[in-house]
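In case you want the letters, here they are:
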Amino acid sequence: MPEVERKPKITASRKLLLKSLMLAKAKEEWEQEQVDKQGEKERYLAERITPLHTSGLSYSQLQDLCRELHEKVDIVDEERYDFEAMSGMEGRKKMFDAAKSPTGQ
């Protein structure tokens, strides 16, 4: 029985058009998601961070404010470092445990 040549259900040009439309839609949604994330970030920061009022402060008061801000930054940096170190240690521990197991998993 001779093989019957089947025509594709969709032409190559139509397939390419649909693919480009899907990519355009995905790009549009991604860009909107980025705008939404930026807006959310700005709203969050506006709620959490009070504006600095430095007008009318003397030189020594400004120095004290700078010292206070540096101390807060140091604390946040230490916490961030601790979180990163802990997450890295967990990943290394899992890899080490996996390597020790007889099945390798």
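Above: the structure in question.
Residues numbered from 1 in each chain as written. Predicted model: local features only at pLDDT ≥ 70, side-chain atom pairs only at ≥ 80, totals over all residues. Heavy atoms only, no water.

(A) The arrangement of the overall build of the protein chain in detail. Looking only at helices and strands, one finds two helices and zero strands in the protein chain. For the protein chain, with 105 residues in total, the buried portion stands at 3%. As presented, the protein chain carries roughly 10700 Å² of accessible surface, and 59% of it is formed by carbon and sulfur atoms. (Helix = DSSP H or I, 4+ residues; strand = E, 2+ residues; numbered from the N terminus. Buried < 20%, exposed > 50% of the residue type's maximum accessible area, 1.4 Å probe, protein only. Areas by Shrake-Rupley, 256 points an atom, 1.4 Å probe, with all protein chains shown as cover.)

(B) Representation of a nonpolar patch on the surface within the structure. Taken together, Ile10, Leu17, Leu18 and Leu21 make up a surface patch of nonpolar side chains, about 310 Å² in accessible area. Mapped onto the fold, Ile10 is located in the segment before helix H1 (12–48). (Patch = residues over 30% accessible without salt bridge, like charges linked within 9 Å, V, L, I, M, F, W, Y side chains within 5 Å. Salt bridge = Lys/Arg side-chain N within 4 Å of Asp/Glu carboxyl O.)

(C) Geometry of the pattern of salt bridges. On inspection of all chains with the given rule, the structure shows eight salt bridges. With its nearest N and O atoms 3.8 Å apart, the salt bridge here joins Glu28 to Lys25. One end of the pair is Glu28 and the other is Lys25, both in helix H1 and three residues apart, which spans about a single turn. Among the residues examined, Lys25 registers a relative accessible area of 43% and is labelled partly exposed. The salt bridge partner of Arg67 is Asp64, with a shortest N-O separation of 3.0 Å.

(D) Local environment of a negative patch on the surface. Where like charges cluster on the molecular surface, the negative patch consists of Glu71, Asp74, Glu78, Glu79 and Asp82. Mapping Asp74 onto the fold places it in helix H2 (residues 59–100). (Lys, Arg positive; Asp, Glu negative; His and termini not counted. Charge placed at Lys NZ, Arg CZ, Asp CG, Glu CD.)

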